[in-house]
Amino acid sequence: MKEGPDITLIGSLIGDPARANMLTALMGGRALTSTELAAHAGVTLQTASSHLAKLEAGGLLTQRKQGRHRYYALSEDEVGLMLESLMGFAASRGLTRHQPGPRDPALRKARICYNHLAGDYGVRMLDSLIAARQIEVTGDDDLALTDAGRIRIEAIGIDYAALKKSRRPICRTCLDWSERRSHLAGSLGEALLTLFIDRGWAKREQNSRAIRFSHAGEKAFLELFPR
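Predicted model only: the values in this text are computed from it and were never measured.

Asks: Help me understand the overall build of the protein chain in this model?
Replies: Along the protein chain, the regular secondary structure elements total 11 helices and 11 strands. The globule rule puts the C-alpha radius of gyration for 227 residues at 17 Å, and the 18 Å found for the protein chain is close to it. With the C-alpha coordinates aligned to their principal axes, the bounding extent of the protein chain is approximately 50 × 45 × 40 Å. Here the protein chain, with 227 residues, has 42% of them falling under the buried criterion.

Asks: Help me out: how do you make sense of unusual backbone geometry in this one?
Replies: Negative phi characterises most residues that are not glycine, and trans characterises most peptide bonds. One non-glycine residue with positive phi stands out, namely Tyr114, at about 70°. In this fold, Tyr114 is placed in the loop between strand 4 (111-113) and strand 5 (116-118). Phi at Arg180 is positive, roughly 60°, even though this residue is not glycine. The topology assignment puts Arg180 in the loop between strand 8 (172-175) and strand 9 (182-185).

Asks: What exactly am I supposed to notice about the layout of surface pockets here?
Replies: A water-sized probe, rolled over the atoms, reveals where empty space remains. By volume, the second largest pocket is sized at about 160 Å³. Forming the boundary of the second largest pocket are Gly28, Gly29, Ile112, Tyr114, Asn115, Glu190, Leu193, Thr194, Ile197, Asp198 and Arg204. It is helix 10 (residues 186-198) that contributes the most residues to the lining of the second largest pocket, five residues altogether. Its residues assigned to classes, the lining of the second largest pocket shows four nonpolar, four polar and three charged.

Asks: Whenever I open this one, the packing of helix 7 (residues 120-131) against helix 11 (residues 215-224) confuses me. Can you help?
Replies: Helix packing geometry: the angle between the two helix axes and the distance between the axes. Across the interface, helix 7 lies against helix 11 with an axial gap of 10 Å and an inter-helix angle of 30°. For the pair helix 7 and helix 11, the contacting residues are Tyr121, Arg124, Met125 and Ser128 in the first and Glu218, Phe221, Leu222 and Leu224 in the second. When its residues are assigned to classes, the contact of helix 7 with helix 11 shows five nonpolar, one polar and two charged.

Asks: Even after reading the chapter, I still don't get the environment of Arg150, so can you show me in this structure?
Replies: In this fold, Arg150 is placed in helix 8 (residues 147-155). Relative accessible area serves as the criterion here: at 27%, Arg150 is assigned to the partly exposed category. Residues Arg150 and Thr138, 12 residues apart in the sequence, show an inter-C-alpha distance of 16 Å. With near-sequence residues (within four places) excluded, Arg150 lies in contact with Leu145 and Tyr160.

Asks: Sorry if this is basic, but what is going on with the sheet that holds strand 1 (residues 32-33) here?
Replies: Strands pair in a sheet through their backbones, by hydrogen bonds, and they do so in one of two ways: parallel or antiparallel. In space, the three strands of this open sheet follow the order 1-3-2, with antiparallel pairing throughout. On the outer flanks of this sheet lie strand 1 and strand 2 (61-66), each paired with one strand and no other. Here six bridges tie strand 2 to strand 3 (residues 69-74), and the two strands are oriented antiparallel to one another. The residue bridging Leu61 from the neighbouring strand is Leu74, located in strand 3. Here helix 4 (residues 45-57) sits on the sheet and contacts strand 2 and strand 3; the angle it forms with strand 2, its principal contact strand, is near 115°.

What counts as what
Residues numbered from 1 in each chain as written. Predicted model: local features only at pLDDT ≥ 70, side-chain atom pairs only at ≥ 80, totals over all residues. Heavy atoms only, no water. Helix = DSSP H or I, 4+ residues; strand = E, 2+ residues; numbered from the N terminus. Rg over C-alpha atoms; globule rule 2.2 N^0.38 Å. Buried < 20%, exposed > 50% of the residue type's maximum accessible area, 1.4 Å probe, protein only. 1 Å grid on protein atoms, 1.4 Å probe; cavity = no way out; pocket = protein on both sides within 12 Å on 5 of 7 lines; lining within 4 Å. Points joined across faces, edges and corners; volume = space filled by probe spheres on them. Nonpolar A, V, L, I, M, F, W, Y, C, P; charged D, E, K, R; others polar. Axes fitted to C-alpha atoms, helices over the stretch in contact; angles between N-to-C directions. Contact = heavy atoms within 4.5 Å. Pairing = 2+ DSSP bridges.

The analysis is restricted to geometry; functional conclusions fall outside its scope.
So, in structure tokens, the structure goes:
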């Protein structure tokens, strides 16, 4: 490439299977140790450390030290959005790495995408907010929270003032790899998922990105976000 941003480094970092597995594991939103990421990648700890150093140097990962351990996480929201978009593109071309398994229905229904809700329920939530004119599409998939939307989220217990203080966008689209449509990301998307979990409506499945709603939580969610 002679002009414009250089995508070759990012492409080479994501294109390695071991590093792709590490990045996908971190899409669950939890910080993981190098040992845990080595297991996800199917490589030795020494090899994993080399991969992690490259990902960190490329700006895709960040690390923090706690006690004797170092924990790795995606460096920012944009990395998660990029990965989810690439997953959507790959899925639309039929590029899948395994046959559907027992967890796939749960992942397609509701899962965590870095820090917000994805899957059928994530798409439903955004569609419902747009239909109620509480979020409006302002341009090329850009989103804006309307006055009605602000009143609505405050009524269900989300601190709008705190969202506004954040340097992150309040709401933005993220292409959903399983639905191949957009779900809600941004600080509002994160706040809503946190609300569902804090209220006991949903919880994360162990060792999975799937989000499991309780019977009562599912009923409350579907009432809150009708089609």
